[in-house]
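# Geometric and topological summary
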Amino acid sequence: MIEARHLRVLRAVAATGSFSAAGRELGCTQPAVSQQMKALEASVGTPLLVRSGREMRLTEAGDALVRHASGILAGLTAAEEEVAAIAGLRAGRVRLVSFPSGSSTLVPTALAALRAAHPGTRVSLEEAEPPKSVELLREGDCDVAVAFRYEGAAGAEEWDDLVVRPLLTDRLVGLVPERHRLARTGGQGSVAIGELAGEPWIAGCPRCRGQLVEVCERAGFTPRIDFATDDYPAVVGLVGAGLGVAVLPQLAVESVRPRGVRILALEPAVRREIVALTLPDLEQVPAVAATLEQLARAARRQ
């Protein structure tokens, strides 16, 4: 194993011609230079210097090593400077994955603040719903995942192996057409989800669809799902056109313009926990830590 400090000493000896002169240049003693040269020769297994009168002369192996030393030390210096830049948030990269309503509400605010504070940090964004986003994190394909899980849901994911940064609690709300019989209830109390038992339903993403069926079945009915779409504006549009009712997370409603609909508070309350996830080792990376902090700040402003 060739150590960088030994290469620096060898280069100084080659440039000055003696251990004493090399020691003065490097700020160390002549015996220290001699000791490091012996250690380097032991590492490479061949003599690197021979004494010629009062001067030291390079052997063929020593000459070859000195020629490579400049490039090696220059590369090491560049690497040290790059790492220092990343550690100081003057550079760095974060791969972020978020579900769509998080991408349109929490993420823009967080990334704008991150760029203002650390313009050298680059962030890429990909959209994926959990559990896919959590799989991407565990497989090393992203650094931070903005994800959610429903309170009390059957088969809820275990995140014990991950760093979990709670962001906010998001409540499900009901959407009905503005001329619906329950529309006047909006903003004036809560509506039991059972009151919508006989309605046609518009369902959201597969995860939300499963949660909808579970909540409705706990209320004593199975929803008749006429339409299903992952696109939240499409859900709102279908409800606004009078084609059915829907249940969406409040965060999703905030990410679109809910025209032609009324928003109802539902009982019993159904909530989902919004979190930012990362791996324990990644939490120590400055750019990742800064991203988590800005996501938490953005959530506090919701």
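What counts and how
- Residues numbered from 1 in each chain as written.
- Predicted model: local features only at pLDDT ≥ 70, side-chain atom pairs only at ≥ 80, totals over all residues.
- Heavy atoms only, no water.
- Buried < 20%, exposed > 50% of the residue type's maximum accessible area, 1.4 Å probe, protein only.
- Helix = DSSP H or I, 4+ residues; strand = E, 2+ residues; numbered from the N terminus.
- Arc of directions from axis to C-beta.
- Polar contact = N/O pair within 3.5 Å; in protein donor to acceptor, adjacent residues only side chain to side chain.
- Salt bridge = Lys/Arg side-chain N within 4 Å of Asp/Glu carboxyl O.
- Pairing = 2+ DSSP bridges.
- Core = buried A, V, L, I, M, F, W, Y, C linked by side-chain atoms within 4.5 Å.
- Phe/Tyr/Trp six-rings, centres within 6.5 Å; stacked < 30°, edge-to-face > 60°.
- Lys NZ or Arg CZ within 6 Å of the ring centre and 35° of its normal.
- Axes fitted to C-alpha atoms, helices over the stretch in contact; angles between N-to-C directions.
- Left-handed = near helix turned anticlockwise from the far one by under 90°.
- Contact = heavy atoms within 4.5 Å.

### Overview of helix α8 (residues 232-240)
- Within the sequence span of α8, burial applies to Y232, V235, V236 and V239. Down the axis of α8, the buried side of the element spans an arc of 95°, and every buried residue falls inside it.
- The backbone nitrogen of A234 lies 3.0 Å from a side-chain oxygen of the residue at the head of α8, namely D231.
- Trailing α8 by a residue or two, G242 shows a phi angle of about 80°, which is positive.

### So, unusual backbone geometry
- Residue P131 is reached from P130 by a cis peptide bond, and omega for that bond is 10°.
- Considering the arrangement of structural elements, one finds P131 in the loop between β4 (122-127) and α6 (132-138).

### A few points about the pattern of salt bridges
- The tally for this structure, following the rule as stated, stands at 15 salt bridges.
- As a salt-bridge pair, E3 and R5 come within 2.6 Å of each other at their nearest N and O atoms.
- Overall, the relative accessible area of 32% leaves E3 in the partly exposed class.
- Taking the relative accessible area as the measure of exposure, R5 reaches 45% and is therefore partly exposed.
- The partner of D230 in a salt bridge is R209, and the shortest N-O contact between them spans 4.0 Å. One end of the pair, D230, is in the loop between β9 (224-228) and α8; the other, R209, is in helix α7 (residues 206-218), and 21 residues separate them in sequence.
- Residue D230 is classed as partly exposed on the basis of its relative accessible area, which comes to 49%.

### Brief notes about the environment of G242
- You can see G242 is positioned in the loop between α8 and β10 (246-249).
- Overall, the relative accessible area of 47% leaves G242 in the partly exposed class.
- Considering only alpha carbons, one finds G242 and D281, 39 residues apart in sequence, at a separation of 50 Å.

### Quick notes on the pairing of strand β2 (residues 55-58)
- Strand direction decides the pairing type here: strand β1 (residues 49-52) and β2, joined by 4 bridges, are antiparallel. Residue S52 lies in a different strand from β2, and its bridge partner there is E55.
- Here β1 folds back onto β2 in antiparallel fashion, the turn holding 2 residues, of which G53 has a positive phi close to 65°.

### Concerning the nonpolar core
- Counting residues in each nonpolar core, the largest one holds 58 residues, and the members touching the most others are V144, L167, L175, W201, I274 and L295.
- Per-element accounting of this core gives the leading share, 8 residues, to helix α10 (residues 286-300).

### Overview of the packing of aromatic side chains
- Here the structure, examined in full by the defined rule, presents 3 aromatic pairs.
- Judged by centre distance (5.0 Å) and plane angle (80°), the rings of F99 and F148 are edge-to-face. Taken as a pair, F99 in the loop between β3 (93-98) and α5 (100-117) and F148 in strand β5 (residues 144-150) lie far apart in primary sequence, 49 residues in all.
- Look at F148 and you get buried, because its relative accessible area is 0%.
- A connected cluster of aromatic rings, assembled from ring pairs, spans F99, F148 and Y150.
- R149 extends its terminal NZ or CZ atom over the ring of W159, reaching a point 3.9 Å from the ring centre.

### A short note on the pairing of β5
- Counting buried positions along β5 gives 6 out of 7 residues, so the element sits mostly inside the fold.
- Strand direction decides the pairing type here: β3 and β5, joined by 3 bridges, are parallel. Bridging from a neighbouring strand, L96 pairs with V144 of β5.
- Inspection of the sheet shows β5 paired to strand β12 (residues 271-278) by 6 bridges, in the antiparallel sense. When the sheet's bridge partners are listed, A147 is paired in β12 with V275.

### Focus on the packing of helix α1 (residues 4-16) against helix α3 (residues 30-44)
- Taken N-terminus to C-terminus, the directions of α1 and α3 make an angle of 115°; their axes are 9 Å apart at the nearest point. Crossing geometry of α1 relative to α3 is assigned as left-handed. The residues of α3 that touch α1, namely those facing R5, H6, V9, L10 and V13, are V33, Q36, M37, A39 and L40.

### Looking at the side chain of Q36
- Tracing the chain through its elements places Q36 in helix α3.
- Among the residues examined, Q36 registers a relative accessible area of 17% and is labelled buried.

### Details of the environment of R259
- Checked against the element boundaries, R259 lands in the loop between α9 (250-254) and β11 (261-267).
- Considered as a pair, R259 and G237 are 22 residues apart in the sequence and their alpha carbons are 7.5 Å apart.
- In this view, R259 contacts V236 and G240; residues no more than four positions away in its chain are not counted.

Honestly, that's just the spatial picture; any functional story needs more than this.
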